[in-house]
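# Overview (structure and organization)
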Amino acid sequence: MYRSRPSGNLDDKALSFLSSIAEDADLFYYDILGSQAHVIMLYEVGILTKKELVAILKGIDHLLTNSDSLNRYGDSTSEDIHELIESAIIRITDIKSGGKMHTARSRNDQVILDIRMKLRDDLNRISANIILLIKSLLLQASSNVDSIMPMYTHMQQAQLGVFSHYLLSYCFSLTRDFERYSESYERINCSPLGACAIGGSSMNIDRERVSSMLGFSDIVYNSIDATSSRDSLIEFASTSLTCMLNLCKVAEDLIVWSTSEFGFVFLDDRFSSSSSIMPQKKNPDPLELIRGKTGVVQGILVAISTIMKGLPSGYSRDLQEIKPLLWKITSILEDSLSIMVGVISTMSVDKNKMYADSSKSYAISLDIAEQLIKKGGIPFRESHKLIGTLVDYAVKNGNIPLNLLKLSDISKALGLIEYSNPDLTLEKIQSIIQSLTPENSIEYRATKGSPNKNEQKEMISYITTRMNEYEEILADRSNRLKIANDKLNLKIKEFIDDSS
Ligand code: ARG
């Protein structure tokens, strides 16, 4: 639109190829805020007269209150929202006032300002959803500290555990996601405005003033860095991918556990799809889509870093391609987290099925092996061999549960490895095996962070405390933005009221 050197208009195809107006819709509100703070600062440092400032502020107000005025006044040859808004303000006011609003500002610092402002809000909403999800997991965990189930490694039964232990493990990984987002927030929450195109300005502008009016904690100091680096955005994408990978694991676990073969959990009908042909079907499609969308976020991270790869310092139009990818990440994260909240808080758990599978499981083997060490005084390696031999025998003879092995079975099985130890007789081995139940095997497993009931309670209270801290952190962040925003709006109102 501002074609001072090139003559005539852009080719129509070239204009639509260059235009980012569609994806800029999400930036409209932030571009307006940035412009309001910028022009107030321009007035404060003496670049705009009060009359010019008020004219621009009124023009902006007009855009905000009349939904069609952007299209009515904005220049249709604008390549993006920044040009569209500026051209509309110039038409609503006049070139003498509106023509000054872009003083000491470039679209290069403007676009990354808008992106940072939008991402701050996105991050806060995503973080709030993470808290909601952790809370729903905590609720389910509290009612499942006694739900004994097999735990899996290599998707094979490994040890006995309790369902709350899994749910809490998801909480722990989500706390790290929250913290990664918080660290990323600090780096995003810096204002690039005033860096101009790349090398700053000879006008007497006040970068810190704009930054504080917009609620930023600092400015992006170096003007080249401010306009051309996108590493904080890559960090946001990578943090989001990590969070999705964590959600993906929850989704995968629940998909497996909700199969008829496992039958440990039932997804609520509100979060299940059906089949167009098979009447019996109840499918975990929402969870599958979380898994699928994780792939999309992964692709976006690769796309953003590929766009960045090989770019020189200083703004290049390639950077424009990153914006819609970021918006997509935000919508995937927000949706996936809130769908997961729904799935977790409505699912039901079949404790009996979990217990039935646990009581016939060889996942109790390590607990028995450890009892043999404690009560029989044998080295771990011998105990491992002994129980492994018994399990092999039991499996080959019709999957006999270990506590149902007769003395003759034990004698036959251990005869194969020529077992003999007067201090740990076959009778003693049998009685040690029979003394272990799923319940006491978990009670004995008292190491920190284990499935033991006390540990479950400790972990629940630890995560609950963290949630209180996180809520404060989030409230503080949102509050700072709100205070800055209220202050700015008040200032604008004073300028406009004063003039009438
Ligand atoms: N629409 C552009 C973007 O989204 C704004 C910056 C354009 N700057 C420029 N000098 N061409 O990145």
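Residues numbered from 1 in each chain as written. Predicted model: local features only at pLDDT ≥ 70, side-chain atom pairs only at ≥ 80, totals over all residues. Heavy atoms only, no water.

### Things to note about the overall build of the protein
Test applied: Helical segments are the DSSP runs of H or I of at least four residues, strand segments are the runs of E of at least two, and each set is numbered from the N terminus. For this measure, only C-alpha atoms enter the radius of gyration; the expected value for a globule follows 2.2 Å times N^0.38, where N is the number of residues. A 1.4 Å probe rolled over the protein chains alone gives each residue an accessible area, and that area as a share of the maximum for its type sets the label: buried under 20%, exposed over 50%, partly exposed in between. We call two residues contacting when some pair of their heavy atoms lies within 4.5 Å. Accessibility throughout is a Shrake-Rupley quantity obtained with a 1.4 Å probe, and a residue counts as covered only by protein chains that appear here. Positive charge is attributed to Lys and Arg, negative charge to Asp and Glu, and no charge count is given to His or to the chain ends. Where a charge lies is defined by one atom per residue type, namely NZ (Lys), CZ (Arg), CG (Asp) and CD (Glu).
Counting its secondary structure elements, the protein contains 20 helices and six strands. By the compact-globule yardstick of 23 Å for 500 residues, the protein is too spread out, its C-alpha radius of gyration being 32 Å. The principal-axis extent of the C-alpha atoms belonging to the protein is close to 105 × 50 × 40 Å. A burial count over the protein gives 51% of its 500 residues as buried. Within the protein, contacts between residues at least 6 apart in sequence are counted, and of these 77% link residues at least 24 apart. Summing over all exposed atoms, the protein offers an accessible surface of approximately 23,500 Å²; the carbon and sulfur share of this is 53%. Considering the protein, the positive charge centre built from 55 side chains and the negative charge centre built from 64 side chains are found 0 Å apart.

### A word on the site of the ligand
Operational definition: Think of it this way: one heavy atom of a residue within 4 Å of a molecule or strand is enough to make that residue near it. Polar contacts, as used here, are pairs of N or O atoms within 3.5 Å; protein pairs need one atom able to donate a hydrogen and one able to accept it. Residues neighboring in sequence count only if both atoms are side-chain atoms.
Inspection of the region around the ligand gives S20, D80, H82, R107, N108, V111, Y315, R317, Q320 and K323 as its neighbouring residues. One nitrogen or oxygen atom from the side chain of N108 is found 2.9 Å from a nitrogen atom belonging to the ligand. Note that an oxygen atom of the ligand is positioned 2.5 Å from one of the side-chain N or O atoms of K323. Looking at the shell around the ligand element by element, the count peaks at three residues for helix α7 (residues 107-142).

### Regarding the pattern of salt bridges
To keep it simple, the criterion reads: Here, a salt bridge means any Lys or Arg side-chain nitrogen found within 4 Å of an Asp or Glu carboxyl oxygen.
Enumeration according to the criterion identifies 27 salt bridges in this entry. Residue K118 is joined to D122 by a salt bridge in which the shortest nitrogen-to-oxygen separation is 2.9 Å. Highlighted residues: K118 and D122, both in helix α7, separated by four residues, approximately one helical turn. D122 matches K118 in its accessibility class, with the two residues each being buried. Salt bridges sharing common partners tie together K118, D122, R125 and E334.

### Quick word on the environment of S67
Locating S67 in the fold gives a position in the loop between α4 (50-65) and α5 (69-73). For the pair S67 and C196, spaced 129 residues apart in sequence, the C-alpha separation works out to 29 Å.

### Re the environment of I255
Within the secondary structure layout, I255 lies in helix α11 (residues 231-257). Under the relative-accessibility criterion, I255 is labelled buried at 12%. Those residues in contact with I255 that sit more than four places away from it in its chain are P284, L287, E288 and R291.

### Looking at the UniProt feature "domain: Fumarate lyase N-terminal" (unreviewed entry) in the protein
Going by this rule: UniProt positions are given in the numbering used here, feature names are shortened, and annotations may be inferred rather than shown by experiment.
Listed under "domain: Fumarate lyase N-terminal" (unreviewed entry) in the UniProt record, and renumbered for this structure, are residues 21-299. Taken end to end, residues 21-299 is 61% helix and 7% strand, and its first and last C-alpha atoms sit 24 Å apart.

### Here's the deal with the packing of aromatic side chains
What counts, and what does not: Aromatic pairs are defined between Phe, Tyr and Trp rings, using the six-membered ring for Trp, whenever the two ring centres lie within 6.5 Å; interplanar angles under 30 degrees are classed as stacked, those over 60 as edge-to-face, and all others as tilted.
Counted under the stated rule, the structure contains nine aromatic pairs. Between Y43 and F495, the ring centres sit 5.4 Å apart and the planes meet at 80 degrees, which makes this aromatic pair edge-to-face. In this pair, Y43 is assigned in helix α3 (residues 28-44) and F495 in helix α20 (residues 453-499), connecting sequence segments 452 residues apart. When its relative accessible area of 10% is taken as the criterion, F495 is described as buried. Centre to centre, the rings of F262 and F264 are 5.4 Å apart; their planes meet at 90 degrees, and the pair counts as edge-to-face. Classification of F262 as buried rests on a relative accessible area of 17%. Three or more aromatic residues link up through ring pairs in this structure, and these residues are Y152, F262 and F264.

### Description of the side chain of S441
With respect to the helices and strands, S441 occurs in helix α19 (residues 438-444). Taking relative accessible area as the criterion, S441 reaches 0% and is therefore assigned buried. Once residues lying within four places of it in the same chain are set aside, the contact partners of S441 are L160, I364, D367 and L436.

### Topic: the packing of α4 against helix α6 (residues 81-92)
Stated formally: Inter-axis angles, ranging from 0 to 180 degrees, are taken between N-to-C directions of lines fitted to C-alpha atoms, where helices are fitted over the stretch in contact. Angles are sorted into four bins: roughly parallel if under 35 degrees, roughly antiparallel if over 145, roughly perpendicular if 65 to 115, and oblique for all others. Note on convention: the crossing is left-handed when the near helix lies turned anticlockwise from the far helix by less than a right angle, right-handed when the turn is clockwise. Residues were grouped as follows: Ala, Val, Leu, Ile, Met, Phe, Trp, Tyr, Cys and Pro as nonpolar; Asp, Glu, Lys and Arg as charged; and all remaining residues, including Gly, as polar.
At a minimum axis separation of 9 Å, α4 and α6 run at an interaxial angle of 115 degrees. By the angle class used here, α4 and α6 are roughly perpendicular. In this structure, the crossing between α4 and α6 has a hand that is right-handed. Contact residues: α4 offers I56, G59, I60, H62 and L63, while α6 offers I85, A88, I89 and I92. For the contact of α4 with α6, the class distribution of residues is seven nonpolar, two polar and no charged.

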